[in-house]
Amino acid sequence: MARKGRATISRYGERVKAGICYTCGKRKVVPGKRRCQHCIDAARKKSAEKREAWREQGVCVHCGKKRQAGFVRCQKCLDTHRRHIVNVKTAIFDAYGGAWCACCGEDTREFLTVDHIDGGGLRHRRELARTRDGREGQIAGTSFYLWLKRNNFPPGYQVLCWNCNFAKGAFGICPHQRPKT
Ligand SMILES: [Zn+2]
Ligand SMILES: [Zn+2]
Ligand SMILES: [Zn+2]
Ligand SMILES: [Zn+2]
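Residues numbered from 1 in each chain as written. Chains lettered and ligands numbered in written order. Predicted model: local features only at pLDDT ≥ 70, side-chain atom pairs only at ≥ 80, totals over all residues.

Let us now look at the overall build of the chain. If you tally the helices and strands in the chain, you get six helices and two strands. When the helices and strands of the chain are placed in sequence order, the string is α-α-α-β-α-α-β-α. Out of the 181 residues belonging to the chain, those deemed buried represent 15%. Long-range contacts, defined here as pairs at least 24 residues apart, represent 39% of the contacts in the chain between residues at least 6 apart. (Helix = DSSP H or I, 4+ residues; strand = E, 2+ residues; numbered from the N terminus. Buried ≥ 20, exposed ≤ 12 C-beta atoms within 10 Å, placed from the backbone. Contact = placed C-beta atoms within 7 Å.)

Next comes the structure, spelled out in structure tokens:
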């Protein structure tokens, strides 16, 4: 048994070293990934189909177990997901100047969001939401955070509280920034 395990690991190691896809062992990996484009696409398609089936069956879209009432995930996956999002948000706030509003200094994390400095944030979020699962919905905020992380925190964003973010979107400038007379 031990020998078999070691053989698997060494073959995996050899593939990684040679830049060969660890799934099929044939094609070259996509730079920075451990699989070839073909296997990445195949895996993505397979997991999308699985999630779609779970969505239709009304079970947790992540693991296929019984859903928590009112959610698309089970309690365990909800907890994992929330922890993951909290971590991602922390990394994002760190990357964009700290966990406080760049306008008013609000530092209650629950009130903080990420603002597209040049505007267009909402449109971008809608696009992301659509590309991810074909519809607009409440996952938009979350998928936007994950997108920022996946893209190594691109410049052009800042941390704002919901109030300042909303005011900027509605009036073009937050009332906090209006020159005092
Ligand atoms: Zn492959
Ligand atoms: Zn689950
Ligand atoms: Zn603010
Ligand atoms: Zn403000």
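The next thing to look at is helix α2 (residues 37-57). Between its terminal C-alpha atoms α2 stretches 30 Å, which fits the 30 Å expected from 21 residues at 1.5 Å a residue. With one of 21 residues buried, α2 is to be regarded as a mostly surface element. Count one or two residues on from α2 and you reach G58, which has phi positive near 75°. (Expected span 1.5 Å × (residues − 1).)

Moving on to the environment of R82. When you line up the elements, R82 lands in helix α3 (residues 75-95). Using a count of 12 C-beta atoms within 10 Å as the deciding quantity, one classes R82 as exposed. Taking C-alpha positions, R82 is 10.0 Å from T142, a pair spaced 60 residues apart along the chain.

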